[in-house]
2 protein chains.
Amino acid sequence: MGRLIQGLVTCILIFSFSGIQASAKALKSWSNETVRHRITSFVEAVSDKHGPHYISPEQRVAVFDNDGTLWSEYPLTFQAMFSVDRLKMMAKDNPKIVNTRYLKALVEGDYAGFLKGGKRAVGDLAVKTQTGMSVREFQALGKDWVFNAIHPTKNRPYAELHYQPMIELLQYLRKHDFEIYIVSGGGATFIRTFAPEIYKIPPQNVIGSQIGMKYMYNDGQPQVLREPSLLINDDKAEKVVSIERFIGKRPIFAAGNSDGDFEMLEWTTTQDGPALGLLVHHTDVDREFAYDRGAPIAALERGLDEYKKRGWILVDMKNDWKVVYPPKNKLP
Amino acid sequence: MGRLIQGLVTCILIFSFSGIQASAKALKSWSNETVRHRITSFVEAVSDKHGPHYISPEQRVAVFDNDGTLWSEYPLTFQAMFSVDRLKMMAKDNPKIVNTRYLKALVEGDYAGFLKGGKRAVGDLAVKTQTGMSVREFQALGKDWVFNAIHPTKNRPYAELHYQPMIELLQYLRKHDFEIYIVSGGGATFIRTFAPEIYKIPPQNVIGSQIGMKYMYNDGQPQVLREPSLLINDDKAEKVVSIERFIGKRPIFAAGNSDGDFEMLEWTTTQDGPALGLLVHHTDVDREFAYDRGAPIAALERGLDEYKKRGWILVDMKNDWKVVYPPKNKLP
């Protein structure tokens, strides 16, 4: 009996100690104590069953933008970089596919020249490289690329170019029973190829832009095909609409990094009861990239003007994060 | 030490006994042993970690049609009956709203006359009674109606007109860690007003038709408004596409009741590995309604022709279910 009690006590001690360790380790790559404390005090308040700010787990919804919020988005969003690599490969057999000056600029690495083509050039690139195949074929190509293709300046697989501090934030929210969703301007189908592995976010929690799709029976081997049309452009106010369509609940936590996320943060933080908005500010030209006002991709302007009066956290990547990316060759 | 062991043994006995009870109670309103066994042997096989047909919980996706599969859909789908009641109420202040012969037929209870107007009449009714308000306003109206309005012939609240055997099936699948989704031709926003309470299915697991929505800042009181346009008509092949859009996984179990569910069952049951399709056949004119070939709503024709060769279960409501609806005044 004595040994049994001894064993029980040892068990309790081990469990308590892991509890303490886990709590001390939360957000360990976040160096700004004010920012860290604003996040943890919010999360603890809504999780405290006996406190005045308690929110039940099924209403504890957190939404995250992806490009520039969970991983990098330069020189182009990574889904566009995937298209660039595919376009170059397709051009080997069929050089005529590069038939506009914007695509020509692109294959020569002149990203600014490509972006001068605006939405039309981006759409043209996506249609040529990401449609006319089944969802499964597309996902196999996408996944292979994300984990194996190498970023032109960071010289690492794209899969490794996610933000270690944000992974810790996802873990911390998950530990406090938040339901975590990605709400991205990028394609949901593309993001689903890596979100489970990198972010531990399952496919059904990935919301994003959606193109036309078509079901084909195909002689007993049915497929869903990707069509050259856009159904949902999940950006700005459409992010709020997508949250209504896909979740049907109002989030209490929202994180973004550009004015494309403004309405999502606004919708989240203008309700009664506790809510938190967070903007990642790209200030780190050495470790990542630096851009905000006037940026060719993902400009942050209104967010910079209004974050204070709206009570949103502005994360200074350079000064508030101990590390940006995870160690090399180490995926979560 | 002896007492401790005795206590442990008692504990184990109690737990085992509850296990046996739970298993014996599953699907208790299902009277056809062949049907019951086909369902339970499938579910047990995919849940058996050491068996050859094991499927991990995150891939154990089950999709259910709503109208006619989880609750009744006559004399019109209940969302249309909600519109009828709203139209009558709106016509008190504004009689001119009833401005077509189809709407005139409808307010006089001539449902067949209304249905002669086809999709255009149905769309006209929906626009007049279900748009031009915020999602939250619509949901408050919808929820109040579902739980309080009385069905014209069953003389019970619509909320009570769900199928007790299907509630048991949902419980049984949930107990075996299935992820359960509704994939309905009805509006997702409407179904979300009662699915959590009646089916224990949360809003984010309700997939359905989707109309246009618009985000409005509205002086710091932002809203999402319902617009008079259709974005997704979640029927037939579009149900498969919606499954891809919203879940991003291929289901292993699908249940429906009309040819609008055919492709969803086909997509589910034409994959490698275990999968099960189930069709509810409305054969019970006394307890519910009887309809299949040539029915004005939710006809079942191709499903009847092909269910055998496709290996789908056809549930004969009259003979396979001990009860149809739950007891009066008793919601789950």
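Here, every reference points to the structure presented above.
Since the structure is predicted, the reported quantities are computational estimates derived from the model, not experimental observations.

**Focus: the overall build of chain A**
Tallying secondary structure elements over chain A gives 14 helices and eight strands in all. For 332 residues, the compact-globule estimate of 2.2 N^0.38 gives 20 Å, and the C-alpha radius of gyration of chain A, at 22 Å, lies within 12% of that figure. A total of 332 residues make up chain A; the buried ones form 55% of that total. Restricting to contacts in chain A with at least 6 residues of sequence separation, those with at least 24 account for 67%. Charge centroids of chain A, computed over 42 positive and 39 negative side chains, lie 3 Å from each other.

**As for the relation of the copies chain A and chain B**
Mapping chain A onto chain B leaves a residual RMSD of 0.0 Å; the transformation is a rotation of 180° accompanied by 0.0 Å of translation along its axis. The superposition operator between the copies reduces to a two-fold rotation axis. When the interface residues of chain A are mapped onto chain B, 100% of them are again interface residues, pointing to one common binding face.

**A closer look at the packing of helix H2 (residues 33–47) of chain A against helix H8 (residues 164–175) of chain A**
Residues and elements named next belong to chain A. At a closest axis distance of 10 Å, the pairing of H2 and H8 adopts a crossing angle of 20°. Here H8 runs roughly parallel to H2, going by the angle between their axes. Considering only the axes of H2 and H8, their crossing is right-handed. Residue-level inspection shows Ile39, Thr40, Val43 and Glu44 of H2 in contact with H8, the latter providing Leu169, Tyr172 and Leu173. Residue composition of the contact of H2 with H8, grouped by class: five nonpolar, one polar and one charged.

**Overview of the environment of methionine 213 of chain B**
Tracing the backbone shows methionine 213 of chain B in strand S3 (residues 206–216). Residues methionine 213 of chain B and tryptophan 267 of chain B, spaced 54 residues apart in sequence, show a C-alpha to C-alpha distance of 29 Å. Discounting chain neighbours no more than four positions away, the residues touching methionine 213 of chain B are Glu238, Val241, Glu244 and Arg245 of chain A together with Val135, Thr189, Val224, Leu225 and Glu227 of chain B.

**Some words on the pattern of salt bridges**
All names here are of chain B. Within this structure, the stated rule accounts for 28 salt bridges over all chains. In this structure, aspartate 65 engages lysine 239 in a salt bridge whose closest nitrogen and oxygen atoms are separated by 3.0 Å. Placement of the pair is aspartate 65 in the loop between strand S1 (61–64) and helix H3 (78–93) and lysine 239 in helix H11 (residues 237–246), with a sequence separation of 174 residues. Judged by its relative accessible area of 4%, aspartate 65 falls in the buried class. Judged by relative accessible area, lysine 239 falls into the buried class, the value being 1%. With its nearest N and O atoms 2.7 Å apart, the salt bridge here joins aspartate 261 to lysine 239. Highlighted residues: aspartate 261 in the loop between strand S5 (253–256) and helix H12 (262–269) and lysine 239 in helix H11, separated in sequence by 22 residues. Of the residues examined, aspartate 261 reaches a relative accessible area of 1% and is grouped as buried.

**Points about the environment of lysine 143 of chain A**
Residues and elements named next belong to chain A. Tracing the sequence through the fold places lysine 143 in helix H7 (residues 135–148). Using a relative accessible area of 37% as the deciding quantity, one classes lysine 143 as partly exposed. Here the alpha-carbon distance between lysine 143 and phenylalanine 190, two residues 47 residues apart in the chain, equals 7.9 Å. Those residues in contact with lysine 143, other than ones at most four positions away along the chain, are Thr193 and Glu197.

**What about the interface of chain A and chain B?**
In this assembly, 38 residues from chain A lie in contact with 38 residues from chain B. A buried area of about 3,300 Å², summed over both sides, lies between chain A and chain B, and 56% of it is on carbon and sulfur atoms. Of all residues in chain A, the largest losses of buried area upon contact with chain B belong to Gln204, Tyr215 and Arg245 of chain A, amounting jointly to 23% of the total for that side. The interface formed by chain A and chain B contains two salt bridges. The closest approach of N and O atoms between arginine 136 of chain A and glutamate 244 of chain B, which form a salt bridge, is 2.8 Å. Of all the secondary structure elements, the ones that give two or more residues to the side of chain A that touches chain B are H7, strand S2 (179–187), strand S3 (206–216), strand S4 (223–232), helix H11 (237–246) and helix H12 (262–269) of chain A. Sorting elements by how many residues they give to the side of chain A that touches chain B places H11 of chain A first, with seven residues. Looking at the side of chain A that touches chain B residue by residue, the classes come out as 19 nonpolar, seven polar and twelve charged.

**Observations regarding the packing of aromatic side chains**
In total, this model carries 41 aromatic pairs over all chains according to the counting rule given. Look at phenylalanine 194 of chain A and tyrosine 199 of chain A: their rings are 6.0 Å apart centre to centre, the planes differ by 70°, and that puts the pair in the edge-to-face class. Each member of the pair, phenylalanine 194 of chain A together with tyrosine 199 of chain A, is buried. Lying over the aromatic face of phenylalanine 138 of chain B, arginine 226 of chain B brings its terminal NZ or CZ to 3.6 Å of the ring centre.

**Concerning H11 of chain A**
When you tally the buried positions in H11 of chain A, you get eight out of ten residues, the bulk of the element. Considered for burial, the residues of H11 of chain A that qualify are Lys239, Val240, Val241, Ser242, Ile243, Glu244, Arg245 and Phe246 of chain A.

**Examining unusual backbone geometry**
If a residue is not glycine, its phi is most likely negative; likewise, a peptide bond is most likely trans. Residue and element names in this part refer to chain A. In this structure, the amide linkage connecting tyrosine 74 to the following residue, proline 75, adopts the cis form with an omega of 5°. Note on placement: proline 75 falls in the loop between strand S1 (61–64) and helix H3 (78–93). For lysine 200, which is not glycine, the phi torsion reads 60° and is therefore positive. At asparagine 218, a residue that is not glycine, the phi angle is positive and equals roughly 55°.

**As for the side chain of glutamate 168 of chain B**
Topologically, glutamate 168 of chain B is positioned in helix H8 (residues 164–175). Despite its burial, glutamate 168 of chain B remains without a salt bridge, the nearest opposite charge being carried by lysine 28 of chain B at 5.4 Å.

**Some details on the side chain of histidine 281 of chain A**
Residue and element names in this part refer to chain A. With respect to the helices and strands, histidine 281 occurs in strand S6 (residues 276–283). For histidine 281, a relative accessible area of 12% corresponds to the buried category. At a separation of 2.6 Å, a polar atom in the side chain of histidine 281 contacts the side chain of aspartate 292. When residues no more than four places from it in sequence are discounted, the contact partners of histidine 281 are Tyr291, Asp292, Leu300, Leu304, Leu314, Val315, Asp316 and Met317.

Definitions and cut-offs
Residues numbered from 1 in each chain as written. Chains lettered and ligands numbered in written order. Predicted model: local features only at pLDDT ≥ 70, side-chain atom pairs only at ≥ 80, totals over all residues. Heavy atoms only, no water. Helix = DSSP H or I, 4+ residues; strand = E, 2+ residues; numbered from the N terminus. Rg over C-alpha atoms; globule rule 2.2 N^0.38 Å. Buried < 20%, exposed > 50% of the residue type's maximum accessible area, 1.4 Å probe, protein only. Contact = heavy atoms within 4.5 Å. Lys, Arg positive; Asp, Glu negative; His and termini not counted. Charge placed at Lys NZ, Arg CZ, Asp CG, Glu CD. Least-squares fit on C-alpha atoms with pLDDT ≥ 70 in both. Axes fitted to C-alpha atoms, helices over the stretch in contact; angles between N-to-C directions. Parallel < 35°, antiparallel > 145°, perpendicular 65-115°, else oblique. Left-handed = near helix turned anticlockwise from the far one by under 90°. Nonpolar A, V, L, I, M, F, W, Y, C, P; charged D, E, K, R; others polar. Salt bridge = Lys/Arg side-chain N within 4 Å of Asp/Glu carboxyl O. Buried area = accessible area lost by both parts, 1.4 Å probe. Phe/Tyr/Trp six-rings, centres within 6.5 Å; stacked < 30°, edge-to-face > 60°. Lys NZ or Arg CZ within 6 Å of the ring centre and 35° of its normal. Polar contact = N/O pair within 3.5 Å; in protein donor to acceptor, adjacent residues only side chain to side chain.

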